[in-house]
Each structure stands twice: as structure tokens, then as C-alpha cells.
Amino acid sequence: MTPKAKELIGDHPTLAVTIDRRRYARHLTLPGVGEQGQRRLHAASVEIQGSGLRGWVARRYLEAAGVGEVRQGARGSEGPRWLLEELVEGPSREVTAGALEALEQLREALKAT
Amino acid sequence: MLVIGAGGVGTPVALALALSGSCRLRIVDDDEVELSNLHRQILFQDSDVGRSKLEALTRALRSHAPQVEVEAIDGRFLPETAGEILRGVAVVVDGSDNFATRFLTADACALAEVPVVHGAALRWQATCFVTGAGGRRPCYRCLFEDLPEEPAPDCGTAGVLGPVCGVSGGVAADAALRWLAGDTRIAGTVASFDGHSGRLRRTRVQPRANCSLCGEGATIRELDRRRYGGGRCDA
Ligand SMILES: [Zn+2]
């Protein structure tokens, strides 16, 4: 590691990974993620609560985003109220719920220092 | 049911529709899976890079919903091919990635009186616009008028978050299935989702009196290819 890199990222080993610039190209130009955000995602360990289709969708979005570790937790909340009010029960709602769960975890991971 | 585009929005739409078991799916796309798709197109894997999206998507859909009937159309939705692709379709979900295809879809479907659900995702925002009664008023052009003259921001330059595409796709699939079941209460509305707050807002769109597609003196009566000269987002 160069002294400059060490100065930038400290001793945190997971922050030193090289970013796959082609794979995560759409994150690197995205306000709120960028290079620093992508490093945070790689270093993050998150827990998903959904099961079945919802859990699969949440896990896939988190893995695809480059999140370091995705753990399965206990069954949690049903999601925001609009989800139940606006969408009919079934696979469309489950896919949306999984995406929302992944999004919430990404937001948390991006905030972490 | 027709899904236009097997990308970030089209793939979750197709997954939800396939699992609903309530329709046959026709999917049109001409792209290959690229490495930069994988962060958001969750039905594709590393081994799919370089393969046709249709092939990869059909295989993934069959593994989730073995009974699903998929008709894959390898090509683009163009003024010349629109009529044939729309034949026998009850509802269209537009998951395309460029304004030219969006406007073409809106025009072709309004002329054929097929309802369309337009799903889109950019940066942290997802939107889903459901056309009005009979696929006409209000239409996509009531909201967006015409192709932007300046190059519009697309997912390639502006970036997009994967789950935001998933929300767009899930909400669009829900709207399409409601149309199919005869529930038209959300016709003529646009749902906007903000990925920062996690909130979704649905607003009713007013038909524009002088809309060139559905207004009183409507000038769009056929598909003229010169009208759809916009650029596209390749990844
Ligand atoms: Zn109109």
C-alpha cells in the first residue's frame, strides 16, 4: 500500500480492495454512492429479514451491489404502509418488498463509517 | 402481456409476472448481458455476460416459474415491427431504457388502444406511469410531450441503484396485473418513489387538451420513424 493510500483509508483492510470499475460503473457515477460508497458496501455486513421470494430478491440485490456479507435474520416487519395499501398481495408485492428491504440495508451501509 | 426491454426494470417485471401465473409473457429485447448490468439485473449471473439477455432471462424465469409460457422476441421495438409485436397483447409494460422507445411505445399503444405501464428508474428515483382508459387519455405525451432535444441523463451517465429498479419493476408489474384483472382505478396515475426516503406517492395525471397524441387536434395518427431519433443508453 502506498503512503498516500494508507493516509486515505487508514489501516482498515477491507477498504483497500480494488473496485471493479466496470461492474460497479453505475454506482461510481451515482450521487450518494461513488467510490467511497462502493468501498463501504464491500466492507458491510447486513442482515435480511424476509424469506421466500422477498428474501431472495433482497439478498440478490445486496449481493449484486457488492455488499461484503449478507446474513439471514429472523422474520421482521412487513414493510412500509404504502406497500400494503398500494400493491395487491402476490409476487409483485413480494418483489417490491425485497427491493425495499435491500434498499434500506444499502442506505444503512452507505451511512456507516 | 408484453414486456419491452429485459433490463433493470424489465427483469423484475418479468419475474413478478411469471410467478403470478396469470398471463403468457412476450418479451422483446436485442441486448447482451454486460458486466455493468449485473449490479442491478438480479436474474443474470457472471456466466451470462456476453449472452443474449432474452436467453438468460428465459432460463432464469423457467427456474423460478417452470410453468411460465415465454415468447422471446429477439429484436427491437421499432415503428416497422411495433404492429406485429403488439398483436394479441392485452397490456404492455414498458421497461425500455431510452426516450425514443418510450415515446414509440406510447404512440404505438395509444393508436392500437392497448394500455401501457411505463416503468423507469434513474439514480434514486423510480416512476411508474399507467396510461388512461383504453390505453388513451391521459397518455405518456400528456406528461412528457416529446423527446428531449438535449441528451437526457440516462442510467449510463447518471447511475442507478439496483433496488430502485426493483421497486419500479414491482410497482409496474402490480399495475399491469391490475389492468389485466379489470381493475382500472390506477389508470391515469403516476407513482413516484424516492429511494432516499423510501416513500411512494401516487398522483393523478390530467389529460392535456392540446396533447399531440390524445388531445382534440391530435396530430400523431401513424408511426413515423423520423419522430423517434433519440439516443439510447447501452448499459
Ligand atoms: Zn395525451
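To be clear, the structure that these remarks concern was listed above.
Quick caveat: nothing in here was measured; it's all calculated off a predicted structure.

> Which parts of the structure should I look at to understand the overall build of chain A?
Across its full length, chain A holds six helices and two strands. Starting at the N terminus and walking to the C terminus, you meet the elements of chain A as α-α-α-β-α-β-α-α. The buried share among the 113 residues of chain A stands at 45%. At a minimum sequence separation of 6, the contacts of chain A that also span at least 24 residues come to 59%. Looking at chain A as shown, the accessible area adds up to about 6000 Å², and 50% of this sits on carbon and sulfur atoms.

> When you look at the pairing of strand 8 (residues 199–204) of chain B in this model, what are you seeing that I'm missing?
Successive side chains on a regular strand alternate, one facing one side of the sheet and the next facing the other. Residue and element names in this part refer to chain B. For strand 7 (residues 189–194) and strand 8, the ladder comprises six bridges, and the chain directions are antiparallel. Across the sheet, the residue bridging to F193 is L200, located in strand 8. Connecting strand 7 to the next strand, strand 8, in antiparallel fashion are four residues, including G198 with a positive phi near 75 degrees.

> Would you explain the packing of aromatic side chains in this entry?
One pair of aromatic rings is described through two measures. These are the centre distance and the angle between the planes. Residues and elements named next belong to chain B. With the rule as written, the count across this model stands at five aromatic pairs over all chains. With centroids separated by 5.1 Å and ring planes inclined at 70 degrees, the aromatic side chains of F103 and Y140 adopt a geometry described as edge-to-face. Here F103 is found in helix 4 (residues 99–112), whereas its partner Y140 is found in helix 5 (residues 140–144), with 37 residues between them in sequence. Judged by relative accessible area, which is 4%, Y140 ranks as buried. Their ring planes at 45 degrees and their centres at 4.8 Å tell us that Y140 and F144 sit as a pair that is tilted. Here Y140 pairs with F144, and both are found in helix 5, just four residues apart, close to one helical turn.

> Whenever I open this one, the coordination of the zinc ion confuses me. Can you help?
Residue and element names in this part refer to chain B. Here the zinc ion is held by the protein donor atoms C139 (SG), C142 (SG), C211 (SG) and C214 (SG), which lie 2.2 to 2.3 Å from it. Around the zinc ion sit four donor atoms; with metal-centred angles ranging over 94 to 124 degrees, the donor geometry is tetrahedral. Mapped onto the sequence, the donors of the zinc ion take the spacing C-x2-C-x68-C-x2-C. In this pair, C139 sits in the loop between strand 6 (125–130) and helix 5 while C211 sits in the segment after strand 8, placing the two residues 72 residues apart along the sequence. Summarising the burial analysis for this pair, C139 and C211 share the class buried.

> Sorry, what's going on with the side chain of T105(B) here?
Take T105(B): it is sitting in helix 4. When neighbours within four sequence positions are excluded, T105(B) is seen to be in contact with I4(B), F77(B), V92(B), D94(B), V116(B) and H118(B).

Cut-offs applied
- Residues numbered from 1 in each chain as written.
- Chains lettered and ligands numbered in written order.
- Predicted model: local features only at pLDDT ≥ 70, side-chain atom pairs only at ≥ 80, totals over all residues.
- Heavy atoms only, no water.
- Helix = DSSP H or I, 4+ residues; strand = E, 2+ residues; numbered from the N terminus.
- Buried < 20%, exposed > 50% of the residue type's maximum accessible area, 1.4 Å probe, protein only.
- Contact = heavy atoms within 4.5 Å.
- Areas by Shrake-Rupley, 256 points an atom, 1.4 Å probe, with all protein chains shown as cover.
- Pairing = 2+ DSSP bridges.
- Phe/Tyr/Trp six-rings, centres within 6.5 Å; stacked < 30°, edge-to-face > 60°.
- Donors = N, O, S within 2.8 Å, 3.2 Å for Na, K, Ca; no water.
- Tetrahedral: all angles 85-135°; square planar, octahedral: opposite > 155°, others 65-115°.

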